[in-house]
Amino acid sequence: MRTYSLVCNEINELDEFVEQHHLSAEKNVLIQILTGGTEGRLSIKEITDRIKDQIPHAIFIDTMNEKETQANKVANGFFISLTVFEDTKLMSAILSLSDTKGRHALLALSQSMHRSLIDIEVVYEQKAEQKAECLAYYDAETGLSNRLHFTKLVEDYVQKMTIRKKNNKLAVLFIDLDRFKMINDTVGHYAGDIILKEVANRIKENLPAKSDLARFSGDKFTILITEDVEIDKIVELGQNLLQIIAKPIMYEAREFFLTGSIGVSFYPNDGITTELLFKHADTAMNLAKQQGGNKLKFYSKEMNQQVLYQLELEGYLRRALEKKEFHLCFQPLIDLATGEIYGSEALIRWEHPKLGLVSPGEFIPLAEETGLIHDIGKWVLKKACQENKRWHDMGFDYLTISVNVSANQFQQISFIDEVKEALLETGLPPQFLTLELTEGVMLRNISHSVYVMKELQKLGVKVSIDDFGTGYSSLSYLKDLPINHLKIDRTFINNLKLNTSDIAIVKAIITMGHGLSVKVVAEGVETDEQIALLKELECHYAQGFFIDRPMRSEDFEKGLAKLKI
């Protein structure tokens, strides 16, 4: 049994009601009409005629009089009650009641049930609205406020502060997990989400009262501090958060180590709008990341100038290749056994007409971040091969050329073809090309790296590990890598003296190189004493300022005949 009710003032309301509830085809329908005593624009005849047209099988029962209508609180118009039965038995039983009050009582009961169902629907709708609001304002993974909710929260506080015009302060902290992508790439996003939740819980448990934590996006969290907003308190909080983030996290019997970068902005010093507070906290956080991560940074106007400079630099960098603003410099490589030059390393330089000579330390990370490094790397590879082939044609056909390869370039599917193309177009024999890769580049995807290195060696190209000793150095993978050279990082060569730990490390690397039949190159040589020690340790090759600085092609050519140690 289903019941429906309608207060009808217009005939079209009845039409819409019947259509909405699909009542036209129903066969067992009892209808009761309550009037307000005055028919107004509609008459009972119009109503009943229209119902008969719309619901042909409907049966009408007694219409209540004015007194009964008032008791049921129908002030005007028509109150129409419809009861739909599943079969004719119950309907027939009600119609067989001689007592009109009995019929009314049963219909009143059905109406009461109908109202109860409506009440239940209202409760479910309220719960659905609450769930929708929860999805709109909270992060499903961590249960924390999301970006939308956090933004609204900060906006509300900023508005209150502006109206009160008191010397209240707010602090907004942006926290980004350093190199979290590596965890997702290593163990997958499911495990990454579990680790992320653990970090979120740690942060939440260590926050002061009157603070709000949100997951802003991905692996970025935000915190709003509304009380005790003093620099020393924020420093203490920030350092504590860095420490608890850095504690190892266990997942499936494995330890994972994370660090965080935190940026802070203050209301009203660093901004009087939510947008500015977010922008400046994000700027400070990005500077912390650029400086190696695991740092707390406060926003300053100087940072904003740095951001503007970075944006300007990016704009210039995008046009540098097209405008032919890059050139190569070549640093000699010497054979320590003979003292003769056997090759050089190609190093890119950028000379901008307005900025002057831009440091590689500035534009190389920017090129990697923007993806421009791929095209720049292709240019360097081809230009270096071209110059080395020219020196071969001049009679120096023993010279090799070393070229650094970025992670972005190395991971490209087309990389092997790009190397083949550079060799083919320049005519340089492949055995005179050495490609230098950092340990981090190779270990991003070890199986792919090994495949690419083997393909390069099939071509005759040599492969070198650059900056060895500063990354993930491990004999377990080193013995299986198809490499030709190891380049000892300059940090070990800088302090290379007798009776130091550095000489022990350098000696171990050189011994290992001999054992693996790999040539060892020492970079960053700056003194005669270092040269003497490297010769004594039987290091194969060396480069550094003591031999010569990186120089343009024409200067390198002039020095070819002179350089001999």
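Scroll up to find the structure this text is about.
This report concerns the structure included in the present document. On a predicted model such as this, the values are computed, not experimentally measured, just so you know. (Residues numbered from 1 in each chain as written. Predicted model: local features only at pLDDT ≥ 70, side-chain atom pairs only at ≥ 80, totals over all residues. Heavy atoms only, no water.)

### As for the packing of helix H15 (residues 415-426) against helix H17 (residues 446-459)
And then number 1: Between H15 and H17, whose axes approach to 10 Å, the crossing angle comes to 20 degrees. It follows from the interaxial angle that H15 and H17 lie roughly parallel. The way H15 lies across H17 gives a crossing that is right-handed. Each of Phe415, Ile416, Val419 and Lys420 in H15 lies in contact with H17, whose residues at this interface are Val452, Glu455, Leu456 and Leu459.
And then number 2: Here the contact of H15 with H17 is built from residues that sort into six nonpolar, no polar and two charged. (Axes fitted to C-alpha atoms, helices over the stretch in contact; angles between N-to-C directions. Helix = DSSP H or I, 4+ residues; strand = E, 2+ residues; numbered from the N terminus. Parallel < 35°, antiparallel > 145°, perpendicular 65-115°, else oblique. Left-handed = near helix turned anticlockwise from the far one by under 90°. Contact = heavy atoms within 4.5 Å. Nonpolar A, V, L, I, M, F, W, Y, C, P; charged D, E, K, R; others polar.)

### Here's the deal with the environment of Asn9
And then number 1: Here Asn9 shows up in the loop between strand S1 (2-8) and helix H1 (11-20).
And then number 2: Placed 69 residues apart in sequence, Asn9 and Phe78 show a C-alpha to C-alpha distance of 6.6 Å.

### Remarks on the pattern of salt bridges
And then number 1: Inspection of every chain in the model, using the stated rule, returns 19 salt bridges.
And then number 2: One salt bridge in this structure joins Asp156 and Lys152, with 3.6 Å as the shortest N-O distance. In this pair, Asp156 and Lys152 are both assigned in helix H6 (residues 147-164), four residues apart and thus about one turn of the helix distant.
And then number 3: Its relative accessible area of 31% is what places Asp156 among the partly exposed residues.
And then number 4: Relative accessible area serves as the criterion here: at 38%, Lys152 is assigned to the partly exposed category.
And then number 5: When the shortest N-O distance is used, the salt bridge between Arg318 and Glu314 registers 2.9 Å. With Arg318 and Glu314 both in helix H11 (residues 301-320) and four residues apart, this pair spans about one turn of that helix.
And then number 6: On the basis of relative accessibility, which here comes to 46%, the residue Arg318 falls in the partly exposed class. (Salt bridge = Lys/Arg side-chain N within 4 Å of Asp/Glu carboxyl O. Buried < 20%, exposed > 50% of the residue type's maximum accessible area, 1.4 Å probe, protein only.)

### Considerations on the nonpolar core
Grouped burial of nonpolar side chains is what soluble globular proteins tend to show.
And then number 1: Counting residues in each nonpolar core, the largest one holds 79 residues, and the members touching the most others are Leu433, Leu435 and Leu534.
And then number 2: Examining the composition of this core, we find that seven residues originate from one element, helix H13 (residues 373-393), more than from any other.
And then number 3: Counting 33 residues, the second largest nonpolar core, distinct from the first, contains Ala200, Phe256, Ile262 and Val264. (Core = buried A, V, L, I, M, F, W, Y, C linked by side-chain atoms within 4.5 Å.)

### Remarks on the pairing of strand S15 (residues 400-404)
And then number 1: Across the five residues of S15, four count as buried, placing the element largely inside the fold.
And then number 2: Inspection of the sheet shows strand S13 (residues 341-352) paired to S15 by four bridges, in the parallel sense. Residue pairing across strands places Ala346 opposite Val403, the latter belonging to S15.
And then number 3: Of the pairings in the sheet, the one linking S15 to strand S16 (residues 433-438) comprises four bridges and is parallel in character. Bridge pairing in S16 links Asn404 to Glu436. (Pairing = 2+ DSSP bridges.)

### Some points on the environment of Glu252
And then number 1: Inspection of the secondary structure puts Glu252 in the loop between strand S8 (249-251) and strand S9 (254-256).
And then number 2: Since its relative accessible area comes to 63%, Glu252 is described here as exposed.
And then number 3: Among the polar contacts made by the side chain of Glu252, one reaches the side chain of Tyr251 at a distance of 3.4 Å. (Polar contact = N/O pair within 3.5 Å; in protein donor to acceptor, adjacent residues only side chain to side chain.)

### Quick look at unusual backbone geometry
And then number 1: Along the chain, Tyr267 connects to Pro268 via a cis peptide bond; the corresponding omega equals 5 degrees.
And then number 2: Looking at where Pro268 falls in the secondary structure, it is placed in the loop between strand S10 (260-267) and helix H10 (274-290).
And then number 3: Even without being a glycine, Lys210 presents a positive backbone phi close to 55 degrees.
And then number 4: By the secondary structure assignment, Lys210 is in the loop between helix H8 (189-205) and strand S6 (211-217).

### Notes on the packing of H1 against helix H2 (residues 44-54)
And then number 1: Between H1 and H2, the least distance of the axes is 11 Å, while the angle of their chain directions is 25 degrees. Classed by the angle they form, the pair H1 and H2 counts as roughly parallel. Between H1 and H2 the crossing geometry is right-handed. The residues of H2 that touch H1, namely those facing Ile11, Leu14, Asp15 and Val18, are Glu46, Ile47, Arg50, Ile51 and Gln54.
And then number 2: Within the contact of H1 with H2, the residues separate by chemical class into five nonpolar, one polar and three charged.

### Let's talk about the packing of aromatic side chains
And then number 1: A complete count under the given rule lists 16 aromatic pairs for this structure.
And then number 2: Relative to Phe298, the ring of Phe266 has its centre 5.8 Å away and its plane inclined at 10 degrees; by these criteria the two rings are stacked. Remark: Phe298 occurs in strand S11 (residues 295-298) and Phe266 occurs in strand S10; sequence separation between them is 32 residues.
And then number 3: When its relative accessible area of 10% is taken as the criterion, Phe266 is described as buried.
And then number 4: Put simply, the rings of Phe150, Phe174, Phe216 and Phe278 touch in pairs and so form one group of aromatic residues.
And then number 5: In this structure, Lys160 is placed above the aromatic ring of Tyr157, and the distance from its NZ or CZ to the ring centre is 5.3 Å.
And then number 6: The ring of Phe545 carries the charged tip of Arg549 above its face, separated from the ring centre by 4.1 Å. (Phe/Tyr/Trp six-rings, centres within 6.5 Å; stacked < 30°, edge-to-face > 60°. Lys NZ or Arg CZ within 6 Å of the ring centre and 35° of its normal.)

### Quick notes on the sheet that holds strand S7 (residues 220-225)
Two orientations exist for strands paired in a sheet by backbone hydrogen bonds: parallel and antiparallel.
And then number 1: With mixed pairing, five strands are arranged side by side in an open sheet as S6-S7-S5-S10-S11. The open sheet has two edge strands with one neighbour each: S6 and S11. Going from strand to strand, the sheet's axes swing by 20 degrees on average, the running direction of each strand aside.
And then number 2: Relative to S11, S10 runs parallel, the two sharing four bridges. Looking at S11, one finds that Gly263 is bridged to Lys297.
And then number 3: Each of strand S5 (170-177), S7, S10 and S11 touches helix H9 (residues 231-246); the most contacted strand, S11, lies at about 150 degrees to it.

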